[in-house]
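The lines below spell out each chain.
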Amino acid sequence: MSIEQSERLKRLPPYLFREIDRQKEAVSSRGVDIIDLGVGDPDLPTPAHIIEAMKGAAADPANHRYPSYSGMHDFNAAVARWYKQRFNVDLDAKNEVVTLIGSKEGLAHVPLAFINPGDLALVASPAYPVYSIGTQFAGGKPYFMDLVKANQFLPDLEAIPLEVAKKAKMMFINYPNNPTAAVATREFFEAVVAFANDHGVIVCHDAAYSEMAYDGFRPMSFLEVPGATSVGIEFHSLSKTYNMTGWRIGFAVGCADIINGLGRIKSNIDSGVFQAIQIAGIAALEGDQGCVRDMRRTYQQRRDILVDGLRSIGFSVERPRATFYLWIEVPKGYTSAGLTSRLLTEAGVVTTPGNGFGAAGEGYVRMALTVSRERIQEAVERIQSIGL
Ligand SMILES: Cc1ncc(COP(=O)(O)O)c(C=O)c1O
């Protein structure tokens, strides 16, 4: 029998990282010691007190049954307390919080609750790919808002044509931003709320990197802006804050009607997060936050070594205030793919081509601070040695 995939799958854009994956395999099969600055996956372990909480909870049979669809009350209440403490935002744990199997899961599913076939969703380019793919899976179409340096990598809302704004049902924004490492201003969030009210657009703000910020800077929540809780929700992840990418736990908070829509989709698709993981999540949110301070210190040191090193060999690179990414302009004469390929094949350094995150990412590569300081230093030396 020939197995035919759905139009939905056939319409997916080509996987732009395929070529880099192929080259990575070829280079490592030659025995080259690869330094991987490609993946946004923390190399540091989950803090011990979180693992201990999980161990105890995993042994308790009460946690072996199906969890509640929307999340354990205790986890959702811990989220609400964390929001109050961190952002001074009040949330009703019952109606304004939903637990997610990682924030990616919620981001991918939320369009199913609000997008009808043919509707538009406003999505940044470059961006984490899930926003546009989730929109397409729901039958909608992404309208790309380019993130450019001249506008501090914030979408220019005034450049969105009126007929597009009218047809748009949702908008996805993400600050601190992957891949550009840009941060948002309060004025930008206020403009988003005004735009959402003017055009009836649901806002999804992805705040996965809100805790990964440096030099004393603390990113704000979108929900701090007056009126935001009437138009939008915010996604968070325990993945990066507590080095828990493999555990699969995150949450969305904000407008009760939007949370309810996402929750209804989820209750028909999944059965929630293993309760022992939610109990570990409570330990993460309510335990000693020294581990988060350590995480920031580690990435800030790595950031400085990489930024200073790359600048010293002629690269044009901003020192990011948040995220564990550097968004680096390629030297004259290179494309994103061309530079990525040279760095990999000649220096054994994996980077991510900016156009893999959308057409407007062309001309950039992304480097992730997910290897040790020594390896970062070595990566700089290797890049210097190939003489770009
Ligand atoms: C911007 C952004 N949002 C969401 C996620 C997904 O995180 P999670 O592990 O919570 O699914 C990532 C992961 O890299 C990300 O970069």
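Located above this text is the structure these notes cover.
Below is a summary of the structure that appears in this document. In this numbering scheme, every chain counts its residues from 1 along its sequence in written order. Given that the model is predicted, a residue must reach a pLDDT of at least 70 before its local features are reported, and side-chain atom pairs must reach 80 or more before they are shown or counted; all residues, however, enter totals for whole chains, interfaces and linings. Hydrogens and water are ignored here; the side-chain numbers use all heavy atoms of the structure.

Residues Ile 233 and Tyr 242 are the most contacted members of the largest nonpolar core, which totals 127 residues. Ranked by the residues each element gives to this core, the list is headed by helix 4 (residues 73-87), at eight residues. Among all residues touching Tyr 242, those that are not within four sequence positions of it are Thr 46, Pro 47, Ile 50, Trp 82, Ala 284, Leu 285, Gln 289, Cys 291 and Val 292. Here, nonpolar core means buried Ala, Val, Leu, Ile, Met, Phe, Trp, Tyr and Cys residues that are tied together by side-chain atoms lying within 4.5 Å of each other. Categorising residues by exposure relies on relative accessible area from a 1.4 Å probe, with only protein chains included: less than 20% of the type maximum marks a residue as buried, more than 50% marks it as exposed, and the intermediate range marks it as partly exposed. Secondary structure elements follow DSSP: runs of H or I no shorter than four residues count as helices, runs of E no shorter than two count as strands, and numbering proceeds from the N terminus. Residue contacts are defined here by distance: any two heavy atoms, one from each residue, within 4.5 Å place the two residues in contact.

The next point concerns helix 6 (residues 130-137). The set of residues buried in helix 6 consists of Val 130, Tyr 131, Ser 132, Gly 134 and Thr 135. The positive-phi residue at the C-terminal boundary of helix 6 is Gly 139, with phi of around 95°.

Moving on to the pairing of strand 3 (residues 120-125). Buried residues dominate strand 3, accounting for six of its six residues. Because side chains alternate across strand 3, one face comprises the buried residues Leu 120, Leu 122 and Ala 124, and the other comprises Ala 121, Val 123 and Ser 125, equally buried. DSSP-based pairing: two strands are paired if at least 2 bridges between them are found. Taken together, the six bridges between strand 3 and strand 4 (residues 141-146) define a ladder with parallel strand orientation. What sits directly across from Leu 122, in strand 4, is Tyr 143. Taken together, strand 3, helix 6 and strand 4 form a β-α-β motif whose crossover is right-handed. Of the pairings in the sheet, the one linking strand 3 to strand 5 (residues 168-174) comprises four bridges and is parallel in character. Among the inter-strand pairings, Ala 121 is bridged to a residue of strand 5, identified as Met 170. Orient the strands so they point away from the viewer, and a crossover whose first-strand-to-second-strand path over the helix runs clockwise is right-handed.

Turning our attention to the packing of helix 2 (residues 18-29) against helix 14 (residues 336-347). Helix 14 packs onto helix 2 with a crossing angle of 15° between their chain directions and a minimal axis gap of 9 Å. Put simply, helix 2 runs roughly parallel to helix 14. Handedness of the crossing formed by helix 2 with helix 14: right-handed. Across the interface between the two elements, Ile 20, Gln 23, Lys 24 and Val 27 of helix 2 pack against Thr 340, Ser 341, Leu 344 and Thr 345 of helix 14. Here an angle of 0 to 180 degrees is reported between the N-to-C directions of two axes, which are lines fitted to C-alpha atoms, with helices fitted over the stretch in contact. Orientation is classified from the angle alone, with under 35 degrees giving roughly parallel, over 145 giving roughly antiparallel, 65 to 115 giving roughly perpendicular, and any other angle giving oblique. Take the far helix as your reference; a near helix turned counterclockwise from it by less than a right angle gives a left-handed crossing, and one turned clockwise gives a right-handed crossing.

Close approach of charged atoms lets side chains of opposite charge pair. The working definition used for a salt bridge is a side-chain nitrogen of Lys or Arg within 4 Å of a carboxyl oxygen of Asp or Glu. Overall, the coordinates contain 25 salt bridges when judged by the stated rule. Here Arg 319 makes a salt bridge to Asp 308, at a shortest N to O gap of 2.8 Å. On the criterion of sequence distance, the pair formed by Arg 319 in the loop between helix 13 (290-312) and strand 9 (325-329) and Asp 308 in helix 13 is long-range, its members being 11 residues apart. Given a relative accessible area of 30%, Arg 319 falls into the partly exposed group. What makes Asp 308 partly exposed here is its relative accessible area of 39%. A salt bridge links Glu 378 to Arg 382, with the nearest nitrogen and oxygen atoms 2.9 Å apart. You can see Glu 378 and its partner Arg 382 sitting in helix 15 (residues 373-386), four residues apart, about one turn around the helix. Take Glu 378: its relative accessible area is 28%, and that puts it in the partly exposed class. Among the residues examined, Arg 382 registers a relative accessible area of 15% and is labelled buried. Via salt bridges that share partners, Asp 215, Arg 303, Asp 304, Asp 308 and Arg 319 belong to a single interconnected network.

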